[in-house]
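# Summary of the model geometry
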Amino acid sequence: MKLIVDSGSTKADWIAIDDEGKILFTTQTLGLNPEILEGDQIIARLDDRFDIQQSKKTATHLFFYGAGCGTDRMKINLTTVFQDYFPNAKIVVEEDTYAAVYATTPKDQKAIVCILGTGSNCSYFDGTQLHQKVQSLGYIVMDDSSGNVYGKELIRKYYFNKMPKELAVEFEKEFSVDPDFIKNKLYKEDNPNAYLATFAKFLIQHKETEFCQKIIRKGMKSFVKNYVMQYDNCKEVPVHFVGSIAYYLKDELQHAFDKYNLQLGNVLRRPIDGLISYHVANK
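One structure accompanies this document, and this report is about it. These figures come from a predicted structure and were not determined experimentally. (Residues numbered from 1 in each chain as written. Predicted model: local features only at pLDDT ≥ 70, side-chain atom pairs only at ≥ 80, totals over all residues. Heavy atoms only, no water.)

As a further point, take the overall build of the chain. When helices and strands are tallied, the chain shows 13 helices and ten strands. For the chain, whose C-alpha radius of gyration is 19 Å, the value lies close to the compact-globule estimate of 19 Å for 283 residues. Taken along its principal axes, the extent of the C-alpha atoms in the chain is 55 × 45 × 30 Å. With 283 residues in all, the chain has 49% of them scored as buried. Across the chain, the fraction of contacts at a sequence separation of at least 24, relative to all contacts at a separation of at least 6, is 66%. Of the roughly 14100 Å² that the chain leaves accessible, carbon and sulfur atoms contribute 48%. Of note, the chain has its 35 positive side-chain charges centred 4 Å away from the centre of its 37 negative side-chain charges. (Helix = DSSP H or I, 4+ residues; strand = E, 2+ residues; numbered from the N terminus. Rg over C-alpha atoms; globule rule 2.2 N^0.38 Å. Buried < 20%, exposed > 50% of the residue type's maximum accessible area, 1.4 Å probe, protein only. Contact = heavy atoms within 4.5 Å. Areas by Shrake-Rupley, 256 points an atom, 1.4 Å probe, with all protein chains shown as cover. Lys, Arg positive; Asp, Glu negative; His and termini not counted. Charge placed at Lys NZ, Arg CZ, Asp CG, Glu CD.)

This is the structure we're talking about:
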């Protein structure tokens, strides 16, 4: 049995398949980002799902694609945790961009591949390997146009009284704006980036308003200029995306790409289904 996992900071999608690609089960855990979780926290999230617990001894392979796995140190740390948990499985840990590549990019083709979800990143795939010009430093200083950055911007606009009154009323109905509640979420609880990203839903729901459009356009422009346009051949290859922000704001993304004469390629909400086809074809 092969386990295929696509993990962001917010959630992780799990699919178990046999050698022919038949789905044995699907489940979901909270995100398993090793940059912000300790080993015991990761184990607790695995133990929380019965199907995963029952697969400890029977799993032969674990292919894990995750946020926070962009450095060798994080890959090694997570591999160690998984190897202890799945003692009979071959463990492969890659950064989440590889899941996006395998799900969106036809075999041997070149492309720029991006993630726009809770976080964001951008890489160039030469048909064989990934190349990055911008090393992500995480949600505090980077993650342009991501859910957590948009969430941060909405909170700031609200507290600086720069959100239109009618939207502020709606904002208060959907979210707790109590300062102590927000600070506890940001500084005392796990996954503050995922918490910030929950506010992005409000931006998407009200994206037709001038206020939200301005925030979205600013974020998209920043991502295109700071990430995509780092690559000299960015206008010669398609630019693929995975992630909820890219998926639900595809029209706005297309508008930004038209402005810079870039080619928007495939846009998927989740790469997990494409990963099944990839692993069956490359078994």
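Bringing the sheet that holds strand β8 (residues 130-131) into the picture now. Reading across the sheet, the five strands line up as β8-β7-β6-β9-β10 and stay open at both edges, with mixed pairing between neighbours. The open sheet has two free edges, formed respectively by β8 and β10 (264-268), since each of these has just one partner strand. One ladder, built from four bridges, connects strand β6 (residues 111-116) with strand β9 (residues 239-242); its direction is parallel. Considered in β9, the bridge of Ile-112 is made with Val-239. Contacts from helix α10 (residues 210-226) reach β6, β7 (120-125) and β9, with the element oriented near 140° to β6. Lying on the sheet, helix α12 (residues 250-259) is in contact with β6, β9 and β10; it crosses β10 at an angle near 165°. (Pairing = 2+ DSSP bridges. Axes fitted to C-alpha atoms, helices over the stretch in contact; angles between N-to-C directions.)

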